[in-house]
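Structural description and commentary
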Protein chains: 2
Amino acid sequence: MSGPIRLALIGMGKIAHDQHVPAIAADADIVLTATVSRNGEGVAGVAHFRDIDDLIASGLEIDAVALCTPPQVRRAIAARAIAQGWHVFLEKPPGATLAEVAQLSAAADAAGISLFASWHSRYAPGVEPARAFLADAEIRSVTVTWREDIRVWHPGQGWILEAGGFGVFDPGINALSIVTRILPRPFFITDAELDFPSNCAAPIAARLRFADDLGLAISADFDFRQEGPQSWDIVVETDRGTLTLHDGGARLVLPDGSEPSHSAALHGEYSGLYRRFAEIVHARTSDVDIAPLRHVADAFLRGERLTVEPFIE
Amino acid sequence: MSGPIRLALIGMGKIAHDQHVPAIAADADIVLTATVSRNGEGVAGVAHFRDIDDLIASGLEIDAVALCTPPQVRRAIAARAIAQGWHVFLEKPPGATLAEVAQLSAAADAAGISLFASWHSRYAPGVEPARAFLADAEIRSVTVTWREDIRVWHPGQGWILEAGGFGVFDPGINALSIVTRILPRPFFITDAELDFPSNCAAPIAARLRFADDLGLAISADFDFRQEGPQSWDIVVETDRGTLTLHDGGARLVLPDGSEPSHSAALHGEYSGLYRRFAEIVHARTSDVDIAPLRHVADAFLRGERLTVEPFIE
């Protein structure tokens, strides 16, 4: 590919407008060539289509698509794009099931195109310095607290509490994408409790315990019912003191009180994602790490289900 | 390894006594050297230990272990065995979570030992001839009916309806292990309904729909409450007529009414499993196909949960 990557953005909801459009606009290597959405708004001066079939029928030349639709409908669109020979950027989570992601990955490999299972929180500025610090530390415990108000952050996103929407794991998977990146060893769920509102098919809160082969205790507290102060914190106790990632990975505080800056801080998570996507497209490779989604599936598989009061938005 | 494989059988419940002990006794390449169980009975003339720590402390020379414990406790025992340099045969399902199986697999590779995620139903006599027939057919639909009486087949196995016991997916995963073997293309869950008794953490029934990239419709009906005639059937409609696997894969009826025999029929599922285990141990490879377990995790992740009447054994 010689010129910039001609990208169609599919699913023009909040995340597309708030994050993808500005990140693409700031990236010299990627040009927004089309938007696709049944209900969402397009972008001034950019061709807009109702669905991917209309985009294909238009004959517009496209190199890649970024999918921001709810996960329940993402697979079919991704499969259509791969069949066109387009590279595919998947918002998180990369699918509604692990099997469909495995199949997209195999299809992308067979077609020789790049598939990117993006995890935006891994591009928060505190994440890479935290990973570097923890590589040399003896880790004693990890405590994740991810408590936010669904009414504030997800207005009108009813799909989140429907089957396949993952409920509180929609934000919680961001925490898991960070923890799987910063810890030096893999880990697995040992216990989980999931709170299902009596009128919802997805959990509104979850408490998880993980371990690794050396017995490290990792706990996570996810809750969608948090009013007042919000928490997106990861606290790691080590032999060298306490490391804390605040604000979803945006702010890192090391045991000596220092707050290392990081080049990613200059750009923002989605600029980092699009840099990575351009990199794998040019290298003709894929980047599909299913570990965060696998932990979510394991939580549903392994967990106790508790019924809690109905949720009324 | 020159002599026969010296094997310790861990978890001496129903499946160990009914299937593993006779299959091992009939296999010249494997010798039952120890049994390990906290509550279950041993085998006359074979050393017995209370747990894997006692087995290790005994200094008895062991090459491999077969784990028949409930899945909730399997990982820790497997990790201990791998650390001893012992090859590991895992009863189905290979673990309580996908992450722990991935980690055991990585540990086995690092230690240079063989890990076998066994799926006994794949060694039922009808399975390989069904696979061969379907490789050349145009498949139009697949209907799985797996309905059995939990009280008849799983007496005293309370762990099945506890968290991590998988409920009706404990038998249902056998059906999935066959379907993933006989169909020529991978598939994924599109819809699932899971029935949870109000007093159980695992489902007692499930209805699943799958599709593949070409739109093939696959449905599965799993139920643990089946009284009277039991069903373990897979019906495949093709352009060449209807293929039916009865009795959990034991009996295959082809469209022309013929019932092909197969060499495996001379042995039985567990003899086939131990032949395969000996093969991978001698070849120093592993055989860990997580596809059936991944479909189960996806069903929990993607499915609607319905509450049904309590189950009293």
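Everything discussed here concerns the structure shown above.
Residues numbered from 1 in each chain as written. Chains lettered and ligands numbered in written order. Predicted model: local features only at pLDDT ≥ 70, side-chain atom pairs only at ≥ 80, totals over all residues. Heavy atoms only, no water.

**Things to note about the overall build of chain A**
In terms of regular secondary structure, chain A is built from nine helices and 14 strands. Dimensions of chain A, computed from C-alpha atoms along their principal axes, come out at roughly 55 × 45 × 35 Å. With an accessible surface of roughly 12300 Å², chain A has 50% of that area assigned to carbon and sulfur atoms. Each charge class in chain A can be summarised by its mean position, and for the 26 positive and 41 negative side chains these summaries are 3 Å apart. (Helix = DSSP H or I, 4+ residues; strand = E, 2+ residues; numbered from the N terminus. Areas by Shrake-Rupley, 256 points an atom, 1.4 Å probe, with all protein chains shown as cover. Lys, Arg positive; Asp, Glu negative; His and termini not counted. Charge placed at Lys NZ, Arg CZ, Asp CG, Glu CD.)

**A look at the relation of the copies chain A and chain B**
Rotating chain A by 180 degrees and moving it 0.0 Å along the rotation axis overlays it on chain B with an RMSD of 0.0 Å. Accordingly, the operation relating the two chain copies is best matched by a two-fold axis. Of the interface residues in chain A, 100% have counterparts in chain B that sit at the interface too, so the contact is made through matching surfaces. (Least-squares fit on C-alpha atoms with pLDDT ≥ 70 in both. Contact = heavy atoms within 4.5 Å.)

**Focus: the packing of aromatic side chains**
Counted under the stated rule, the structure contains 18 aromatic pairs over all chains. Taking the centre distance of 5.4 Å and the plane angle of 80 degrees together, the rings of A:Trp153 and A:Trp232 count as edge-to-face. Here the residue A:Trp153 occupies a position in helix H6 (residues 150-153), and A:Trp232 occupies one in strand E11 (residues 231-238), the gap between them amounting to 79 residues. A:Trp232 gets classed as buried once you look at its relative accessible area, which sits at 18%. For the pair B:Phe89 and B:Tyr274, a centre-to-centre distance of 4.6 Å together with 25 degrees between the ring planes defines the contact as stacked. Pair noted here: B:Phe89 is in strand E5 (residues 87-90) and B:Tyr274 is in helix H8 (residues 269-283), with a separation of 185 residues, a long-range link. In this pair, the class of B:Phe89 matches that of B:Tyr274, namely buried. Ring pairing ties together the aromatic residues A:Phe89, A:Phe116, A:Tyr274 and A:Phe277, which thus form one cluster. Seen from the ring of A:Phe133, A:Arg240 lies directly overhead, with NZ or CZ sitting 4.4 Å from the centre. (Phe/Tyr/Trp six-rings, centres within 6.5 Å; stacked < 30°, edge-to-face > 60°. Buried < 20%, exposed > 50% of the residue type's maximum accessible area, 1.4 Å probe, protein only. Lys NZ or Arg CZ within 6 Å of the ring centre and 35° of its normal.)

**Brief notes about the pattern of salt bridges**
Residues and elements named next belong to chain B. Evaluation of the coordinates by the stated rule reveals 48 salt bridges over all chains. Measuring nitrogen to oxygen at the nearest pair gives 2.9 Å for the salt bridge that ties arginine 122 to aspartate 289. Of the two residues, arginine 122 is situated in the loop between strand E6 (115-117) and helix H5 (127-135) and aspartate 289 in the loop between H8 and helix H9 (291-302); the sequence distance between them amounts to 167 residues. Of the residues examined, aspartate 289 reaches a relative accessible area of 29% and is grouped as partly exposed. (Salt bridge = Lys/Arg side-chain N within 4 Å of Asp/Glu carboxyl O.)

**Topic: the packing of helix H3 (residues 74-83) of chain B against helix H4 (residues 98-111) of chain B**
All names here are of chain B. The N-to-C vectors of H3 and H4 enclose an angle of 5 degrees; their axes lie 10 Å apart at closest approach. With respect to H4, the axis of H3 lies roughly parallel. Side by side, H3 and H4 meet where Arg75, Ala78, Ala79 and Ile82 of the first sit next to Glu100, Leu104, Ala107, Ala108 and Ala111 of the second. A class-by-class count of the residues in the contact of H3 with H4 yields seven nonpolar, no polar and two charged. (Axes fitted to C-alpha atoms, helices over the stretch in contact; angles between N-to-C directions. Parallel < 35°, antiparallel > 145°, perpendicular 65-115°, else oblique. Nonpolar A, V, L, I, M, F, W, Y, C, P; charged D, E, K, R; others polar.)

**Here we look at the side chain of B:Asp170**
Residues and elements named next belong to chain B. Inspection of the secondary structure puts aspartate 170 in helix H7 (residues 169-182). By relative accessible area, aspartate 170 is classed as buried at 6%. Discounting residues that sit within four places of it in the chain, aspartate 170 has contacts with Lys92, Pro93, His154, Trp159, Ile160 and Gly165.

**Describing the pairing of E5(B)**
Residue and element names in this part refer to chain B. Neither face of E5 is left uncovered, since the one carrying His87 and Phe89 and the one carrying Val88 and Leu90 both have all their residues buried. Of the pairings in the sheet, the one linking strand E4 (residues 64-67) to E5 comprises four bridges and is parallel in character. Bridging from a neighbouring strand, alanine 64 pairs with histidine 87 of E5. Each parallel crossover has a hand, and the one from E4 via H3 to E5 is right-handed. Judged from the three bridges that link them, E5 and E6 form a sheet pairing that is parallel. Looking at E6, one finds that leucine 90 is bridged to alanine 117. For the handedness criterion, the β-α-β arrangement of E5, H4 and E6 is classed as right-handed. (Pairing = 2+ DSSP bridges. Right-handed = clockwise from strand over helix to strand, strands pointing away.)

**Side note on the nonpolar core**
Ranked by internal contacts, the top residues of the largest apolar core, which has 116 residues, are A:Phe169 and B:Phe169. The contacts of A:Phe169, once residues within four sequence positions are left out, are A:Leu194, A:Pro203, A:Ala206, A:Leu208, A:Phe222, A:Val296, A:Ala299 and A:Phe300. (Core = buried A, V, L, I, M, F, W, Y, C linked by side-chain atoms within 4.5 Å.)

**Describing H5(B)**
Along an α-helix, residues three or four apart share an orientation, since each turn contains 3.6 residues. Residues B:Val127, B:Pro129, B:Ala130, B:Phe133 and B:Leu134 constitute the buried set of H5(B). Down the axis of H5(B), the smallest arc covering the buried residues is 165 degrees, so these residues share one side. (Arc of directions from axis to C-beta.)

**Some thoughts on the interface of chain A and chain B**
On the chain B side, the residues contacting the 32 residues of chain A number 32 residues. With both sides pooled, the region where chain A packs onto chain B buries about 2800 Å², and carbon together with sulfur makes up 59% of that total. Area buried by chain A at its contact with chain B is led by A:Gln103, A:Leu301 and A:Arg302, which between them contribute 25% of it. Taken together, the links from chain A to chain B amount to two salt bridges. Its salt-bridge partner being A:Arg75, residue B:Asp213 comes within 3.0 Å of it at the nearest N-O pair. Where chain A packs against chain B, one counts 12 residue pairs in polar contact (both at pLDDT 80 or more). Mapped by element, the contributors of at least two residues to the side of chain A that touches chain B are helix H3 (74-83), helix H4 (98-111), strand E8 (188-197), helix H9 (291-302) and strand E14 (304-308) of chain A. Sorting elements by how many residues they give to the side of chain A that touches chain B places H9(A) first, with nine residues. A per-class count over the side of chain A that touches chain B returns 18 nonpolar, six polar and eight charged. (Buried area = accessible area lost by both parts, 1.4 Å probe. Polar contact = N/O pair within 3.5 Å; in protein donor to acceptor, adjacent residues only side chain to side chain.)

**Points about the sheet that holds strand E5 (residues 87-90) of chain A**
Residue and element names in this part refer to chain A. Sheet architecture is open: six strands sit in the order E3-E2-E1-E4-E5-E6, paired in parallel fashion. With one partner strand each, in any of the chains shown, strand E3 (47-49) and strand E6 (115-117) form the two edges of the open sheet. Adjacent strand axes in the sheet meet at a mean angle of 25 degrees, parallel and antiparallel pairs treated alike. Where strand E2 (residues 30-36) lies against E3, three bridges are found, and the strand directions are parallel. When the sheet's bridge partners are listed, valine 36 is paired in E3 with phenylalanine 49. Sheet strands touched by H3: strand E1 (5-10), strand E4 (64-67) and E5. Its angle to E5, the strand with the most contacts, is close to 160 degrees.

**Re unusual backbone geometry**
All names here are of chain A. Note the cis peptide between lysine 92 and proline 93, where omega equals -10 degrees. Summarising the element assignment, proline 93 is placed in the loop between E5 and H4. For aspartate 247, which is not glycine, the phi dihedral falls at a positive 55 degrees. For aspartate 247, the location among the structural elements is in the loop between strand E12 (241-246) and strand E13 (251-253). One non-glycine residue with positive phi stands out, namely arginine 284, at about 60 degrees. Note on placement: arginine 284 falls in the loop between helix H8 (269-283) and H9.

That is the geometry; function is a separate question.
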